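# Examination of the molecular architecture
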Amino acid sequence: MRSANEISGMVLKAARGTGMSIGCAEELGRAAPALAAQGALDCVNDLLKQPFDVPQLVNGSVCDGHAVLAVLAWRDLKAAGVDATLACEVPQVLFDALCAHTLICGPFEVNEQVWDQLSNFAAKTLVPESDASRLAGAGAGLTDND
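Let us look at the structure shown here. (Residues numbered from 1 in each chain as written. Predicted model: local features only at pLDDT ≥ 70, side-chain atom pairs only at ≥ 80, totals over all residues. Heavy atoms only, no water.)

### Focus on the nonpolar core
Note on soluble globular proteins: their nonpolar side chains tend to be buried together. Within the largest apolar cluster, 43 residues are counted, with the highest numbers of intra-cluster contacts made by L41 and L118. When contributions to this core are tallied by element, the ones reaching two or more residues are α1 (4-17), α2 (22-37), α3 (42-48), β2 (61-63), α4 (67-79), α5 (92-99) and α6 (112-123). Counting residues per element, this core draws most heavily on α2, at eight residues. Among residues more than four places away in sequence, those in contact with L41 are I7, V11, A32, L35, A36, V110, V114 and L118. (Core = buried A, V, L, I, M, F, W, Y, C linked by side-chain atoms within 4.5 Å. Buried < 20%, exposed > 50% of the residue type's maximum accessible area, 1.4 Å probe, protein only. Helix = DSSP H or I, 4+ residues; strand = E, 2+ residues; numbered from the N terminus. Contact = heavy atoms within 4.5 Å.)

Below is the structure:
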């Protein structure tokens, strides 16, 4: 069982670990509890394995980009009053989660394989520990006398 906050944080770190921009990673993290509530958190791992191609606006249609980036671009255009359509293939559960503005509470059952893959993506954001990194201020330092 994982809390909504734990799921959000893990998905945010996993998205950053795979190279997604911070703003898009934050949006995906906010959507993650809604995906978990639908039993669709595994789609995040599939999405994070795809290249983050920037969507294009062609004749009023958002197309040819990564599904998360395309939905977010479409949503932002709609909020700005632009009459745009979404012409990319996007799983409905992902679309709904990224467009919802509701608070989703947990806890949620999360498949351990899904969680492990998210953890592996998130681990890419970590810096290996070394004496040099501790001297530069990482961690508690070389002497921790708290």
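### Digging into α2
Here α2 is 16 residues long and its end C-alpha atoms lie 24 Å apart, about the 22 Å a rise of 1.5 Å per residue gives. Where α2 bends most, at A31, the angle is about 35 degrees, and the proline P33 comes one to four residues later. Along α2, the positions that sit buried rather than exposed are C24, A25, L28, G29, A31, A32, P33, A34, L35 and A36. Each element contacted by the buried residues of α2 is listed here: α1, α3, α4 and α5. Count one or two residues on from α2 and you reach G39, which has phi positive near 70 degrees. (Expected span 1.5 Å × (residues − 1). Bend = angle between axes of the 7 residues up to and from the residue.)

### A word on α1
The end-to-end C-alpha separation of α1 is 20 Å, in line with the 20 Å expected for 14 residues at 1.5 Å each. Inspection of α1 places A4, I7, S8, M10, V11, A14, A15 and G17 among the buried residues, and these make up the whole buried set. Once α1 ends, the next one or two residues include G19, with phi positive near 100 degrees.

### Some words on the packing of aromatic side chains
What the rule picks out here adds up to one aromatic pair. Centroid distance W74 to F95: 5.3 Å. Interplanar angle 50 degrees. Geometry classified as tilted. Of the two residues, W74 sits in helix α4 while F95 sits in helix α5, which places them 21 residues apart along the sequence. A relative accessible area of 22% means that F95 is categorised as partly exposed. (Phe/Tyr/Trp six-rings, centres within 6.5 Å; stacked < 30°, edge-to-face > 60°.)

### Concerning the sheet that holds strand β1 (residues 56-58)
The sheet built from three strands is open, its strands ordered β1-β2-β3 with mixed pairing. The open sheet has two edge strands, β1 and β3 (85-86), and neither has a second partner. (Pairing = 2+ DSSP bridges.)

### Comments concerning the side chain of R2
The residue R2 is located in the segment before α1 in this model. Overall, R2 belongs to the buried group, its relative accessible area being 18%. Polar side-chain contacts of R2 include one of 3.0 Å to the side chain of E6. (Polar contact = N/O pair within 3.5 Å; in protein donor to acceptor, adjacent residues only side chain to side chain.)

Nothing here speaks to function; it is all geometry.
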